[in-house]
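Inside the fold
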Amino acid sequence: MRFVEYIRDQGYRRFRGSVDQSVYLGFSCPDPAKAVWYYKDGSYQCTGCREQCETDSPEGFQTFLIPE
């Protein structure tokens, strides 16, 4: 099973918001243009390269306001 299929099965969805450069600097990402982020409650997962970086911090990820 490919990694993207695996994380989708785990409940992750594609993150379509903007990601600040500080996130890539924190991971020492060599090529942020390849980053493809997925998220679920409390976790952000990148599938852009073999490192498969993951963070539980929302810092640097665009916040969406959901009307109540």
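Refer to the structure above for everything that follows.
Because the structure is a prediction, the values reported are computed rather than measured.

**Considerations on the environment of Asp 41**
With respect to the helices, strands and loops of the structure, Asp 41 is situated in the loop between β2 (37-40) and β3 (43-46). Assessed through its relative accessible area of 77%, Asp 41 is described here as exposed.

**Considering the side chain of Ser 43**
With respect to the helices, strands and loops of the structure, Ser 43 is situated in strand β3. Not counting residues within four places of it along the chain, the set of residues in contact with Ser 43 comprises Tyr 12, Tyr 38, Glu 54, Thr 55 and Asp 56.

**A few points about the pairing of β3**
Residues Ser 43 and Gln 45 of β3 are buried on one face, and the alternating residues Tyr 44 and Cys 46, pointing to the opposite face, are buried as well. Here four bridges tie β2 to β3, and the two strands are oriented antiparallel to one another. From the neighbouring strand, Trp 37 faces β3, where its bridge partner is Cys 46. Taking the residues between adjacent antiparallel strands as the criterion, β2 and β3 are bridged by two residues, where Gly 42 takes a positive phi near 85°. As judged from the two bridges shared by β3 and strand β4 (residues 54-55), these two strands associate in the antiparallel manner. Residue pairing across strands places Tyr 44 opposite Thr 55, the latter belonging to β4.

**Some details on the sheet that holds β2**
Here we have four strands laid out as an open sheet, ordered β1-β2-β3-β4, and antiparallel in their pairing. Either end of the sheet is taken by a strand with one partner, and the two such strands are β1 (13-14) and β4.

**What to know about unusual backbone geometry**
With phi around 50°, Ser 28 is a residue other than glycine that occupies positive phi space. In this fold, Ser 28 is placed in the loop between α2 (21-26) and β2. With a relative accessible area of 60%, Ser 28 lands in the exposed category. The backbone of Gln 52 shows a phi angle near 50°, a positive value even though the residue is not glycine. Structurally, the position occupied by Gln 52 is in the loop between β3 and β4.

Rules and cut-offs
Residues numbered from 1 in each chain as written. Predicted model: local features only at pLDDT ≥ 70, side-chain atom pairs only at ≥ 80, totals over all residues. Heavy atoms only, no water. Helix = DSSP H or I, 4+ residues; strand = E, 2+ residues; numbered from the N terminus. Buried < 20%, exposed > 50% of the residue type's maximum accessible area, 1.4 Å probe, protein only. Contact = heavy atoms within 4.5 Å. Pairing = 2+ DSSP bridges.

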